[in-house]
Amino acid sequence: MRGASAEAVARAIADGDALSGTAGFAGRLPDGLLVRDALGRQPIFVESNVAASDSAESDADERQQWSFSPTDLENPESIPAGHVLAPGESPERLLSLPEPPTAADDREAVVGVRDAIGEALESVETDEALESVEAPEALDSVESSASGDLAVAFSGGVDSAVVASAFDAPLYVVGFPGSHDVSAARRAARLMGREGDLRVVELSPEDVERAVPKVAEATGRTNAMDVQIALPLFLAAERAASDGYDRLAVGQGADELFGGYAKVARAPEDPRVEAETVRGAVREVMGTLPDQLERDVLALRGAGVEPVAPLLDDRVVRSALRLPGHLLVDSRGERKKALRLAAREFVPDPVAFREKKAVQYGSLVARELDRLARQAGFKRRMDDHVSKYVESRLSD
């Protein structure tokens, strides 16, 4: 079991409690059930024929038919978030996110977010989050301490800055020379008094070209958007691993939980969401987290580190679910309002209220992938030319 003890997971399933106080989990329980938490924070895969199999399998055979990595299986199929899978059965949903009432008092709601984030960060600092957690095989030989083995992925935005505020650890930013993310990270590190901790991973075209097949293989994905997003994470993690760190703290989940997307801010006018309200749109995009987190976790593990995502702690998720629409996106269109107000406890105001670009654009990785694809003969007039380039690199 990864992410929590088998006993804690069994209790959560028995109680139907999707937010029982963990940071996500997946694995095999003693009774043979395979399980994945309601937000899909830990990926888990099964051979695609296992669920449909009518034959009884021995424990030993059953163990061989599932894995935390899709590369271990011949025909991997992801177990859906919030589901359990018994041998020979189809996945059954037993855990769903609650729908708590909206907080009536704005100040109380923001304080709730602040306190939840503080507790989640503290749980990582004290190593509580690692108790009873199975580490990846590649990391088994590395001794863990409270934070000495941990680095931080740092873009200079509010999400990564809040995470970075809790740790005396190096801050890794990835980008091409002159990229938005590198400039923003330098400014944020200076404002936080952390200039000495900042480590800039300055990219070259060769770095991206080399990493493309590795990312595609680790994640099992070749579509352009997934590879563009995973590449900067992979390259930051790869550098951190080479420097001796086996955990990488990330700010993943904040955009989905707290209303960070433009399409959420424009609900219901934006055709990319079906919800009629901002709050409904946030709930809708939270449903995309299992797929996104699967990609990110696999990319990071493929680079040799274990991700730590404090902003996806159950306590933070629960506090976000109670927020009214105007604390997600305010009347002026400012996104992640409650998170930014809560972040003032952890970082300077200019960092808390800074807007950011998506990592694939802020690092200029998307631009470089497009250039590499065209250079390899995959022209823009071709349908999905970057994905075709990625597929060609993987086959090579």
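Before reading on, note that the structure itself is shown above.
Below or above, wherever it landed, is the structure these notes cover.

Analysis parameters
Residues numbered from 1 in each chain as written. Predicted model: local features only at pLDDT ≥ 70, side-chain atom pairs only at ≥ 80, totals over all residues. Heavy atoms only, no water. Axes fitted to C-alpha atoms, helices over the stretch in contact; angles between N-to-C directions. Helix = DSSP H or I, 4+ residues; strand = E, 2+ residues; numbered from the N terminus. Parallel < 35°, antiparallel > 145°, perpendicular 65-115°, else oblique. Contact = heavy atoms within 4.5 Å. Nonpolar A, V, L, I, M, F, W, Y, C, P; charged D, E, K, R; others polar. Core = buried A, V, L, I, M, F, W, Y, C linked by side-chain atoms within 4.5 Å. Buried < 20%, exposed > 50% of the residue type's maximum accessible area, 1.4 Å probe, protein only. Pairing = 2+ DSSP bridges. Right-handed = clockwise from strand over helix to strand, strands pointing away. Phe/Tyr/Trp six-rings, centres within 6.5 Å; stacked < 30°, edge-to-face > 60°. Lys NZ or Arg CZ within 6 Å of the ring centre and 35° of its normal.

Section: the packing of helix 6 (residues 205–219) against helix 16 (residues 365–375)
Here is step 1: Interaxial distance between helix 6 and helix 16 falls to 10 Å at its minimum, and their mutual angle equals 75°. One element, helix 6, and the other, helix 16, form an angle in the roughly perpendicular class. Contact residues: helix 6 offers Pro205, Val208, Glu209 and Val212, while helix 16 offers Glu368, Leu369, Arg371 and Leu372.
Here is step 2: Residues belonging to the contact of helix 6 with helix 16 are distributed by class as follows: 5 nonpolar, no polar and 3 charged.

What about the side chain of Asp159?
Here is step 1: Mapped onto the elements of the fold, Asp159 is located in helix 4 (residues 158–164).
Here is step 2: Not counting the four nearest positions on each side in its chain, Asp159 is found in contact with Gly251, Ala254, Asp255, Leu311, Lys336, Leu339 and Lys356.

Notes on the nonpolar core
Here is step 1: Core analysis: the largest hydrophobic core is formed by 75 residues, its most contacted members being Val152, Phe154, Phe167 and Phe258.
Here is step 2: By size, the runner-up hydrophobic cluster in this structure holds 38 residues, among which are Ala153, Ala216, Phe234 and Val305.

Quick look at the pairing of strand 8 (residues 150–153)
Here is step 1: By the alternation rule, side chains of strand 8 split into Leu150 and Val152 and Ala151 and Ala153, which are all buried.
Here is step 2: As paired strands, strand 8 and strand 9 (residues 171–175) are joined by 2 bridges and run parallel to one another. Looking across to strand 9, one finds that Val152 is bridged to Leu171.
Here is step 3: Regarding topology, helix 4 serves as the crossover connection from strand 8 to the parallel strand 9, and that connection is right-handed.

Here we look at the sheet that holds strand 3 (residues 45–47)
Here is step 1: As summarised here, the arrangement of the 3 strands in space is 4-3-5, forming an open sheet in which the pairing is antiparallel. Edge positions in the sheet fall to strand 4 (66–67) and strand 5 (76–78), since each of these pairs with one other strand and no more.
Here is step 2: Relative to strand 4, strand 3 runs antiparallel, the two being bridged by 2 bridges. Among the inter-strand pairings, Phe45 is bridged to a residue of strand 4, identified as Ser67.

As for the packing of aromatic side chains
Here is step 1: Counted under the stated rule, the structure contains 3 aromatic pairs.
Here is step 2: Ring plane angle 70° and centroid distance 6.5 Å describe the contact between Tyr172 and Tyr245, whose orientation is recorded as edge-to-face. With a gap of 73 residues between them, Tyr172 in strand 9 and Tyr245 in the loop between helix 7 (224–242) and strand 11 (247–249) connect regions that are remote in the sequence.
Here is step 3: A residue is classified by how much of its surface remains accessible, and Tyr172, at 2% relative accessible area, is buried.
Here is step 4: An angle of 65° between the planes, with centres 6.3 Å apart, marks the rings of Phe378 and Tyr389 as edge-to-face. In this pair, Phe378 is assigned in the loop between helix 16 and helix 17 (385–395) and Tyr389 in helix 17, connecting sequence segments 11 residues apart.
Here is step 5: Positioned above the aromatic ring of Tyr261 is the side chain of Lys263, whose terminal nitrogen or guanidinium carbon lies 5.6 Å from the ring centre.

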